[in-house]
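Tertiary structure, described
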Amino acid sequence: MIRVWCAGRSACEQLVDPAAWTLPPDAVWIDLIAPTLEEEGAVEKALGLSVPTREEMAELEASSRVFRENGATYATADIIIHGDEEIPGVEPVTFVVTGGPLVTIRYTDPKPFRLMIEKLEREPNRCATGADVFLNLMETIIDRVSDILSGTVLRVETIAGHVFSGGKTVGFGKLITKLGRAQMSNARIEQSLAGLARIFAFVGIDERMDTEEARTHLRSLARDAESLSAHNQSVAASINFQLSAALGLINIEQSSIIKIFSVAAVAFLPPTLIASIYGMNFDHMPELAQPWGYPLAVVAMVVSAILPLAWFRKQGWL
């Protein structure tokens, strides 16, 4: 699907017949959503540039993600999708900054694009050029990443309240699972911010961004991306600390349980030995024939159990 936004209009033009399409002179944004070969060909013919395939967009090399070709600047970044879920996804989106309209190629529908469309519908004069659309779209993407990061921070703080509540570690398995999901969300945010920072640095040298306003806007976006990345890294450190703390508390509680069993085993070892001795079936055991034999054996077993417990308590092991 191809949608074309023109300057000053509050609605987009959706192409029905790409073969018969001609580029409007006031077009500022051409949005390709899962384009067909015919739609790609129509845009390439109208603008004289090549449209990258989905496989090319997915390449990770920096030289494949930001480059210049035929007077246009190509920049691909991983944009977060399903940001309201515990584990968001990322999908590559390519931005082509030309001397005319901005061209975006995507195979998903990230929320920043929907928000940008709503802005254009409310303020048709918001973007007069393709560069304006690019800057405003990037600002919307950064704002969305900030919102997603805020949600991750809130979840991590909630988990921290449970981890350090001082209660039993029952249920810590679920908390560790939640921490793992938060870590995955954190990694997706970092991946997206790294790509955006690369784009801001590369597009900053584009001649279409030579106005003071555009350069100031780009520098502001770059600073926002840098600050969000720093915040995201601190969240990652917090997640790792909480994970280590949760595992440590589980180990401490398990060690306490094992200690109780060990102490019980040692405490009952002497009484067991005494009971075993007097349980032997020998004919010549004088104590068995005495009336005080049984009480003496019971007292010996009780005393032999109390003495180790008293010793453990004195040593501070209990």
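Anyway, here's the lowdown on the structure attached to this text. (Residues numbered from 1 in each chain as written. Predicted model: local features only at pLDDT ≥ 70, side-chain atom pairs only at ≥ 80, totals over all residues. Heavy atoms only, no water.)

Here we look at the side chain of Asp31
- Its location among the elements puts Asp31 in strand β3 (residues 27-33).
- Within the local environment of Asp31, its side chain forms a polar contact with the side chain of Arg106, the two groups lying 2.6 Å apart. (Helix = DSSP H or I, 4+ residues; strand = E, 2+ residues; numbered from the N terminus. Polar contact = N/O pair within 3.5 Å; in protein donor to acceptor, adjacent residues only side chain to side chain.)

Structural notes on the pattern of salt bridges
- Counted according to the given criterion, the structure contains 10 salt bridges.
- Here Asp84 makes a salt bridge to Arg144, at a shortest N to O gap of 3.1 Å. In this pair, Asp84 is assigned in the loop between β5 (72-81) and β6 (89-97) and Arg144 in helix α5 (residues 130-163), connecting sequence segments 60 residues apart.
- Take Arg144: its relative accessible area is 10%, and that puts it in the buried class.
- For the salt bridge of Arg181 with Glu86, the shortest nitrogen-to-oxygen distance reads 2.9 Å. With Arg181 in helix α6 (residues 172-203) and Glu86 in the loop between β5 and β6, the pair connects residues that are 95 residues apart, well separated along the chain.
- Taking the relative accessible area as the measure of exposure, Arg181 reaches 36% and is therefore partly exposed.
- Here the residues in one salt-bridge network are Arg3, Asp31, Arg106, Asp109 and Arg114, joined through shared partners. (Salt bridge = Lys/Arg side-chain N within 4 Å of Asp/Glu carboxyl O. Buried < 20%, exposed > 50% of the residue type's maximum accessible area, 1.4 Å probe, protein only.)

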